[in-house]
Amino acid sequence: MAKKVDGKLKLQIPAGAANPSPPVGPALGQRGINIMEFCKAFNEKTKDKAGFNIPVEITVYSDKSFTFELKQPPMTDLIKKVSGIKKGSDNALKNKIGSLTKDQIMEIVDMKIADLNTDDKDQAAKIVAGSARSMGITTEI
């Protein structure tokens, strides 16, 4: 028989750096989840993705057990890493701060396509290019 779902949480936690301090501790503690057990499991699964904030969806069951599903890093984090910038432009229309080639965009698509609402790589590339343009980055698409 399946366990009864008590609730779901969505958090963004730096990869390999989950600890009981806020925001992780209070969010899990009020649901009755063993905080240290979650932190150890999360850090073990994300140690190879250091430098990214990782979205995680935690399902809490009525017996206070839990499961969690990791998502890909946010699109902006991937764009910043591939383009080599530290942050987006203060005015994306006037101040262009970098550029992405088609190959770089396809690299981001390959990493992120599982979380996008399309399976078509060309459409996914348009999504990535739109996000990049909103950050002040020119694209070849």
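Residues numbered from 1 in each chain as written. Predicted model: local features only at pLDDT ≥ 70, side-chain atom pairs only at ≥ 80, totals over all residues. Heavy atoms only, no water.

Peer 1: Just checking my understanding: could you explain the packing of helix α3 (residues 75–83) against helix α4 (residues 102–112) for this structure?
Peer 2: Two quantities define a packed helix pair, namely the angle between the axes and the distance from one axis to the other. Remark: α3 packs on α4, axes separated minimally by 10 Å, with the N-to-C direction vectors making an angle of 140°. As for the relative orientation of α3 and α4, their crossing is right-handed in sense. For the pair α3 and α4, the contacting residues are Met75, Leu78, Ile79 and Val82 in the first and Gln104, Glu107, Ile108, Met111 and Lys112 in the second. (Axes fitted to C-alpha atoms, helices over the stretch in contact; angles between N-to-C directions. Helix = DSSP H or I, 4+ residues; strand = E, 2+ residues; numbered from the N terminus. Left-handed = near helix turned anticlockwise from the far one by under 90°. Contact = heavy atoms within 4.5 Å.)

Peer 1: When you look at the packing of α4 against helix α5 (residues 121–134) in this model, what are you seeing that I'm missing?
Peer 2: Interaxial distance between α4 and α5 falls to 9 Å at its minimum, and their mutual angle equals 105°. It follows from the interaxial angle that α4 and α5 lie roughly perpendicular. Between α4 and α5, the contacting residues are Ile105, Met106, Ile108, Val109 and Asp110 on the first element and Lys121, Ala124, Ala125, Val128 and Ala129 on the second. Split by residue class, the contact of α4 with α5 holds eight nonpolar, no polar and two charged. (Parallel < 35°, antiparallel > 145°, perpendicular 65-115°, else oblique. Nonpolar A, V, L, I, M, F, W, Y, C, P; charged D, E, K, R; others polar.)

Peer 1: Is there a simple way to think about the pairing of strand β3 (residues 66–70) in this case?
Peer 2: Moving residue by residue along a regular strand, the side chains alternate between the two faces of the sheet. In the sheet, strand β2 (residues 53–61) pairs with β3 via five bridges, with the strands oriented antiparallel. Its bridge partner being in β3, glutamate 57 is matched across the sheet by glutamate 69. Here β2 folds back onto β3 in antiparallel fashion, the turn holding four residues, of which lysine 64 has a positive phi close to 70°. (Pairing = 2+ DSSP bridges.)

Peer 1: Would you explain the pattern of salt bridges in this entry?
Peer 2: Under the counting rule described, the total for this entry stands at seven salt bridges. A salt bridge links lysine 80 to aspartate 77; the nearest nitrogen and oxygen atoms lie 3.9 Å apart. With lysine 80 and aspartate 77 both in helix α3 and three residues apart, this pair spans about one turn of that helix. Among the residues examined, lysine 80 registers a relative accessible area of 24% and is labelled partly exposed. For lysine 112, the salt bridge goes to aspartate 115, with nearest N and O atoms at 3.8 Å. (Salt bridge = Lys/Arg side-chain N within 4 Å of Asp/Glu carboxyl O. Buried < 20%, exposed > 50% of the residue type's maximum accessible area, 1.4 Å probe, protein only.)

Peer 1: How do you make sense of the sheet that holds β3 when you look at a structure like this?
Peer 2: Pairing between the strands of a sheet is mediated by backbone hydrogen bonds and can be parallel or antiparallel. Strand order in this open sheet of three strands is β1-β2-β3, and the pairing throughout is antiparallel. Looking at strand neighbours, the two that pair on one side only are β1 (5–14) and β3, the edges of this open sheet. Neighbour-to-neighbour, the strand axes of the sheet open up by a mean angle of 20°, direction not taken into account. Relative to β3, helix α2 (residues 35–46) is tilted by about 25°, and along the sheet it contacts β1, β2 and β3.

Peer 1: How should the UniProt feature "domain: Large ribosomal subunit protein uL11 N-terminal" (unreviewed entry) in the protein chain be read in this particular structure?
Peer 2: UniProt's feature table lists "domain: Large ribosomal subunit protein uL11 N-terminal" (unreviewed entry) at residues 9–66, given in the numbering used throughout. Its end C-alpha atoms 10 Å apart, residues 9–66 is made of 31% helix and 28% strand. (UniProt positions renumbered as here; feature names shortened; annotations may be inferred.)

Peer 1: Whenever I open this one, α3 confuses me. Can you help?
Peer 2: Count 3.6 residues to each turn of an α-helix, and residues three or four apart come out pointing the same way. Residues Met75, Asp77, Leu78, Ile79 and Val82 constitute the buried set of α3. Looking at the buried side of α3, the elements it contacts are β2, β4 (98–100), α4, α5 and β5 (137–139). Note on α3: the residue one or two positions beyond its end, glycine 84, has a positive phi of about 80°.

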